[in-house]
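# Breakdown of the fold
What follows is each chain in one-letter form.
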Amino acid sequence: MPERITLYSAKICPFAQRTEIALAEAKAPFTRYEIDLSNKPEWYAPKVNPASKVPAIAYGGPEVPPDQPSPESIKIAESLVLVEFIADLYPDSGILPTDPVERARVRFFIEGVSSKLIPAWYGYFLRNAPVEDFYAALEYIQSLLPAEGFAIGKFSAADIAIAPFLARTRLSLLNELGKYPEGDGKKVWETATTGKFARINKYVGDIFARESFKATFDEAYVTKAFAARFANLRNQ
């Protein structure tokens, strides 16, 4: 039986949402504590995560208030580490397949998300880098998808890794939030989900319909937070 889990998270953060999706898929009981990333508690870095980032988990130890973490609990951080940790705690969740080949496929897909899609998206979003780089990364991700279903067929850690970034990409583009020229956002999203990207469009729809995704993504909150944080990006 897994021990007590306290998750330190932030609704705005895509990395934190990965961990929340994994916990939802595992149907794991846990205590959630929201960290304000613009005003982090003084105790958070010394007592939970020295890097002062979310997500982080305090595992085991006595039952204590989340803002008074026990030194007896084990502190674990980094989203992909936590997703695999949850998969190991709950092997029946399907987050990681039991077959070694399927596990390798999951990790290969995640590597593409980490090394290609995320950098290309942030390049366009934060610096107005060429949108062609984003399209190329998206095309690469699409090439890894099977004809139907999720990244390796069944829902897995591969989909957990990409889902929060697809959601924030859509949100940002449809609300014209980013460094790119105003008015281009909706056009880019349309291009990214039609024509040669028809398979991506279906995949995105399947991801967004997943209960674990819907339960962990507060679109209204994230939209408002992104608008406040990135509204002046074009003026910088």
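A short tour of the structure in this document, coming up. Values in this document were obtained by computation on a predicted structure and should not be read as measured data.

Definitions and limits used
Residues numbered from 1 in each chain as written. Predicted model: local features only at pLDDT ≥ 70, side-chain atom pairs only at ≥ 80, totals over all residues. Heavy atoms only, no water. Core = buried A, V, L, I, M, F, W, Y, C linked by side-chain atoms within 4.5 Å. Buried < 20%, exposed > 50% of the residue type's maximum accessible area, 1.4 Å probe, protein only. Helix = DSSP H or I, 4+ residues; strand = E, 2+ residues; numbered from the N terminus. Contact = heavy atoms within 4.5 Å. 1 Å grid on protein atoms, 1.4 Å probe; cavity = no way out; pocket = protein on both sides within 12 Å on 5 of 7 lines; lining within 4 Å. Points joined across faces, edges and corners; volume = space filled by probe spheres on them. Nonpolar A, V, L, I, M, F, W, Y, C, P; charged D, E, K, R; others polar. Polar contact = N/O pair within 3.5 Å; in protein donor to acceptor, adjacent residues only side chain to side chain. Phe/Tyr/Trp six-rings, centres within 6.5 Å; stacked < 30°, edge-to-face > 60°.

Looking now at the nonpolar core. Judged by nonpolar contacts, the single largest core of 80 residues is most densely connected at Ile95, Phe109 and Tyr203. Here the element with the most residues in this core is helix α6 (residues 157–174); it accounts for 11 residues. Excluding residues that lie within four positions of it along the chain, tyrosine 203 makes contacts with Phe109, Leu145, Gly149, Phe150, Ala151, Asp159, Ile162 and Leu166.

For the largest pocket, the calculated volume is near 440 Å³. If you go around the largest pocket, you meet 21 residues; those closest to its centre are Cys13, Pro14, Phe15, Tyr122 and Arg229. Those elements that provide at least two residues to the lining of the largest pocket are α1 (14–26), α4 (100–127), α6 and α10 (219–230). By residue number, the principal contributor to the lining of the largest pocket is α4, which donates 4 residues. Class assignment of the residues belonging to the lining of the largest pocket gives a composition of 15 nonpolar, 2 polar and 4 charged. Looking at the second largest pocket, the residues that line it are Ala10, Lys11, Ile12, Glu34, Ile35, Asp36, Leu37, Ser38, Tyr221, Ala225 and Arg229. Looking at the lining of the second largest pocket, the element that brings in the most residues is α10, giving 3 residues. Per-class residue counts for the lining of the second largest pocket are 6 nonpolar, 1 polar and 4 charged.

All right, on to the environment of glutamine 142 then. Checked against the element boundaries, glutamine 142 lands in helix α5 (residues 131–144). Residues glutamine 142 and isoleucine 200, 58 residues apart in the sequence, show an inter-C-alpha distance of 5.9 Å. Not counting residues up to four positions away in its chain, the partners in contact with glutamine 142 are Lys196, Phe197, Ala198, Arg199 and Ile200. Only 3.0 Å separates the side chain of glutamine 142 from the backbone nitrogen of isoleucine 200, close enough to count as a polar contact.

Now for the packing of aromatic side chains. This structure, assessed with the given rule, holds 21 aromatic pairs. Ring geometry for phenylalanine 226 against phenylalanine 230: centres 5.1 Å apart, planes inclined by 75°, an arrangement best described as edge-to-face. Highlighted residues: phenylalanine 226 and phenylalanine 230, both in helix α10, separated by 4 residues, approximately one helical turn. Like phenylalanine 230, phenylalanine 226 is buried. Aromatic ring contacts, followed pair by pair, group Trp121, Tyr124, Phe125, Phe134, Tyr135, Tyr180, Phe197, Phe226 and Phe230 into a single cluster.

Distances and angles like these do not, on their own, reveal function.
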